[in-house]
Amino acid sequence: MSNPDATGWQRTSPFAAVFYLGKIYQAIAKNAVQSLAPLAAFLVAFKGDPTTKIIIGVGAFLIGTILLAFLRYWFFRYRIGDNSVLIRAGVFKKTQLDIKFERIQAVNTQQNILFRMLGLLTVSFDTAGSSGHEGSLPAIGAGRARDLRDRIRRMPRTAPDDEAAAGHAERPASSPRTLLRLTAGDMVRIGLSSNRVFLLLVVIGPLSEYLERSAGEIIEENALIEFLTNGEATLLSGIAAGVLLVLGILIVLFLVSIAGAFLRFHRYELVADDDVLRSTGGLLTRHEHSVNCAKVQSLHASQHVVLRLFRRFRLRAKQASASKFGRGSDFLVPLCTGDEMTALSDEFFPQEFSGLTLDPRAAFERISRQYLRSRIGIAAVLPALLAIPVLWGAVGPAALVALLWIPACAFMVWQKYRRYGVLRGQDGLAVRSGLIGYRVVAWLHRKVQRISITQSPFQRRKQLATLRIFLAAGGAIKIPYIEYAKATALRDYVLYRVESSRQAWH
Amino acid sequence: MFENPEIPIHDLPAADNLQWQKLDARYVRRLQVEALITTALIAVGVLALQLLPLPLDRRLFFGGWLLVLSSGLVSLAWPPVSVPRKGYALRDKDIVYRSGVFWQTVTAVPFNRVQHVETTSTPLDRRFSQAALQLFTAGSSGGDLKIDGMPAGVAESLRLYLLEKAGASIEQP
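As the structure is a prediction and not an experimental result, all values here were calculated from the model. (Residues numbered from 1 in each chain as written. Chains lettered and ligands numbered in written order. Predicted model: local features only at pLDDT ≥ 70, side-chain atom pairs only at ≥ 80, totals over all residues.)

1. What about the overall build of chain B?
Okay, step 1: Scanning chain B from terminus to terminus reveals four helices and six strands.
Okay, step 2: In chain B, the succession of helices and strands from N to C terminus is α-α-β-β-β-β-α-β-β-α.
Okay, step 3: Each of the 173 residues in chain B was classed as buried or not, and the buried ones make up 26%.
Okay, step 4: The contacts of chain B with a sequence gap of at least 6 include a subset with a gap of at least 24, amounting to 52%. (Helix = DSSP H or I, 4+ residues; strand = E, 2+ residues; numbered from the N terminus. Buried ≥ 20, exposed ≤ 12 C-beta atoms within 10 Å, placed from the backbone. Contact = placed C-beta atoms within 7 Å.)

Laid out in structure tokens, this is it:
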């Protein structure tokens with residue numbers, strides 16, 4: 001790292017080139033066709049034997065990317081001012097960033113093995129209104145990174161004067177408290193409950209009955225042994241090989257998923273430091289994420305079938321986001337028990353979470369049963385009845401199979417109806433939903449950005465309505481088919497809380 | 001002295017029984033003109049396909065002209081039905097907008113959540129001296145509330161009023 005020049009601008013460590021090299025390879029992987037097209041064109045045009053072509057191609061690629069990474073390091077300068085971080089970057093396209101401390105929602109760090117040995121860190125900033133990291137300082141000294149983080153955290157905050165805010169301001173400055181630690185067993189649970197593996201299981205699920213039957217036949221016929229010993233390709237030995245292949249893929253997927261959990265969350269620790277929660281974890285690259293509790297917009301708890309089996313939850317704290325779908329600024333707690341989740345909720349929304357819970361087993365108020373009638377009519381009966389005459393011409397009476405869609409879809413609608421629920425707290429709301437598993441989202445009234453009520457002709461007849469609540473975390477939270485009078489009363493109360501609150505939503 | 005009187009929930013102001021402000025009287029006509037232009041463009045496309053020596057089934061043109069006719073009729077008939085059901089109401093602390101014929105929606109945006117306000121106008125809007133008012137709150141990449149068909153002068157004065165209201169309601173962090 002260089003010392004600051006007369007104007008205060010300084011360079012990061014030359015090892016930042018490693019960070020940029022990683023970024024360049026990531027970008028190439030994302031846009032493989034566009035990125036590698038010039039190289040491919042060169043290789044096609046170049047006359048020579050294939051080995052020379054490959055050596056020249058790979059050499060040119062490596063030299064080019066390393067040179068670009070070094071240039072990006074060389075042209076990167078930063079300056080830490082009184083109230084902001086200034087960044088100048090770019091080789092051809094120059095960028096100047098001025099990230100005000102007050103806009104920074106979270107300071108995150110990453111430390112790969114090389115940086116760990118050299119005592120360096122990559123610091124990135126999440127800011128209000130950006131959909132991801134707005135700026136990064138690669139390969140700066142760990143001490144300097146910690147100073148910067150502490151300085152941003154110490155930014156003066158005017159004492160709010162409403163009741164909830166007063167409670168927030170009065171929280172005593174205390175030493176960091178450990179809220180959660182994940183064990184090796186938890187890594188296995190995270191790996192086994194990974195959504196990607198779960199999705200694959202859903203795809204393979206319908207095949208399981210067939211596989212079980214085949215497995216029975218295989219055992220009876222000793223075909224597996226025959227296949228393994230003689231290698232003769234009979235029909236049954238083919239099925240046995242198929243079963244082995246699927247099982248093998250599943251085992252490999254689970255192992256990869258568990259390894260991924262170790263890589264990302266090894267020695268995961270969640271610490272509360274005043275009003276900031278900080279998580280650290282990772283086997284090769286240590287990730288440190290932090291979130292200012294005051295900036296959290298909503299809490300999302302999820303529990304799909306596998307997590308339900310383990311009696312665990314996944315918790316996400318969402319911050320303000322410019323992304324339409326609210327991606328980019330989530331603070332993830334990959335695994336926690338119900339009790340830990342309750343304790344964490346109180347940390348995120350101190351003193352304002354009374355009467356609320358993220359536990360899906362709580363006494364949520366159900367939506368109207370008319371939801372069933374409407375949804376089954378639209379999603380189950382109507383498509384089936386329309387499909388029959390269309391299919392009849394092609395397949396004849398076999399078109400009646402379309403009627404099977406009705407009970408299948410009705411079951412899904414019933415599942416969704418049973419899971420939908422609303423829980424009202426003193427200062428916020430929680431909404432439960434889901435199809436197979438559960439999702440619960442909770443937020444405070446004072447964080448709401450806008451609110452709408454919609455009525456379809458059917459809902460108007462039944463005096464029902466759908467309430468939509470929009471938060472700065474992006475997207476809408478829907479409460480369908482509640483009584484119209486309740487929906488309007490709730491809307492008016494939320495508006496009253498938003499408009500009378502003197503505390504900021506962020 | 002500090003006072004903190006309790007507010008009965010039933011006394012909260014309701015966002016339903018409001019004096020809804022109607023959109024510009026010529027907004028129906030403007031929508032009809034826009035729809036006719038679109039229909040005319042589709043008609044030109046269908047006609048071009050019919051005149052070109054292409055090996056196309058004649059039934060395709062029948063379908064095309066049916067589409068032109070039906071879209072023309074619907075786009076002429078729909079605005080007089082939908083526009084009167086749209087309206088906005090300004091209250092002391094929020095703006096409320098209603099829309100929809102079959103699916104009726106009422107949206108409320110508190111002033112202290114408005115990030116910025118825009119007015120936009122297309123050439124056709126300007127021909128009719130109209131503009132659209134767009135309010136942005138946090139957490140959305142698009143406009144949160146868009147009120148089309150306002151008289152341009154009203155939209156501009158409303159924009160300035162909303163900006164003033166939003167600026168006056170800056171909260172403490």
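2. Section: the domain arrangement of chain B
Residue and element names in this part refer to chain B.
Okay, step 1: Structurally, chain B comprises domain 1 (27-82) and domain 2 (87-168).
Okay, step 2: Here the C-alpha centre of domain 2 lies 31 Å away from the C-alpha centre of domain 1.
Okay, step 3: Facing the six residues of domain 1 at the interface are five residues of domain 2.
Okay, step 4: Taken together, the elements giving at least two residues each to the side of domain 1 that touches domain 2 come down to helix H1 (27-51) and helix H2 (58-82).
Okay, step 5: By residue number, the principal contributor to the side of domain 1 that touches domain 2 is H1, which donates four residues.
Okay, step 6: Considered class by class, the residues forming the side of domain 1 that touches domain 2 number three nonpolar, one polar and two charged. (Domains from an automatic or database assignment. Nonpolar A, V, L, I, M, F, W, Y, C, P; charged D, E, K, R; others polar.)

3. Observations concerning the pairing of strand S3 (residues 104-110) of chain B
The side chains of a regular strand alternate between the sheet's two faces.
Okay, step 1: Of all seven residues in S3(B), five are buried, a share of seventy percent or more.
Okay, step 2: Relative to S3(B), strand S18 (residues 448-455) of chain A is paired through five bridges, and the arrangement is antiparallel. Looking at the pairing, Thr454(A) lines up with Thr105(B) of S3(B).
Okay, step 3: In terms of strand pairing, strand S2 (residues 94-99) of chain B meets S3(B) through six bridges, oriented antiparallel. Counterpart to Tyr97(B) in the pairing with S3(B) is Thr107(B).
Okay, step 4: Between S2(B) and S3(B), which pair antiparallel and follow one another directly, the connecting turn spans four residues, one of which, Gly100(B), has a positive phi of 105°. (Pairing = 2+ DSSP bridges.)

4. Topic: the sheet that holds strand S5 (residues 130-137) of chain B
All names here are of chain B.
Okay, step 1: One open sheet accounts for three strands, arranged S4-S5-S6; its pairing is antiparallel. Strands with a single pairing partner mark the edges of an open sheet, and in this sheet they are strand S4 (114-120) and strand S6 (145-151). With strand direction ignored, the average angle separating the axes of adjacent strands in the sheet is 20°.
Okay, step 2: Here S5 pairs with S6 via five bridges, running antiparallel. (Axes fitted to C-alpha atoms, helices over the stretch in contact; angles between N-to-C directions.)

5. A few points about the environment of Phe15(A)
Residue and element names in this part refer to chain A.
Okay, step 1: Position of Phe 15 relative to the elements: it lies in the segment before helix H1 (16-30).
Okay, step 2: By C-beta crowding, Phe 15 is classed as partly exposed, having 15 other C-beta atoms within 10 Å.
Okay, step 3: Considering only alpha carbons, one finds Phe 15 and Ile 140, 125 residues apart in sequence, at a separation of 9.2 Å.
Okay, step 4: Beyond its immediate stretch of four places on either side in the chain, Phe 15 contacts Leu 114, Phe 115, Leu 118, Leu 120 and Ala 139.

6. Here we look at the packing of helix H7 (residues 184-192) of chain A against helix H11 (residues 235-265) of chain A
All names here are of chain A.
Okay, step 1: At a closest axis distance of 8 Å, the pairing of H7 and H11 adopts a crossing angle of 125°. The angle between H7 and H11 falls in the class oblique. When you trace H7 past H11, the crossing you get is right-handed. Side by side, H7 and H11 meet where Met 187, Val 188, Ile 190, Gly 191 and Leu 192 of the first sit next to Phe 254, Ser 257, Ile 258, Gly 260, Ala 261, Phe 262 and Phe 265 of the second.
Okay, step 2: Considering only residue class, the contact of H7 with H11 consists of nine nonpolar, three polar and no charged. (Parallel < 35°, antiparallel > 145°, perpendicular 65-115°, else oblique. Left-handed = near helix turned anticlockwise from the far one by under 90°.)

7. A closer look at the environment of Ala166(B)
All names here are of chain B.
Okay, step 1: In this structure, Ala 166 sits in helix H4 (residues 152-168).
Okay, step 2: Accessibility expressed as a C-beta count within 10 Å gives 19 for Ala 166, which makes it partly exposed.
Okay, step 3: It is 9.4 Å that separates the C-alpha atoms of Ala 166 and Val 117, two residues lying 49 residues apart in sequence.
Okay, step 4: Non-local contacts of Ala 166, meaning those with residues more than four positions away in its chain, are made with Phe 111 and Val 114.

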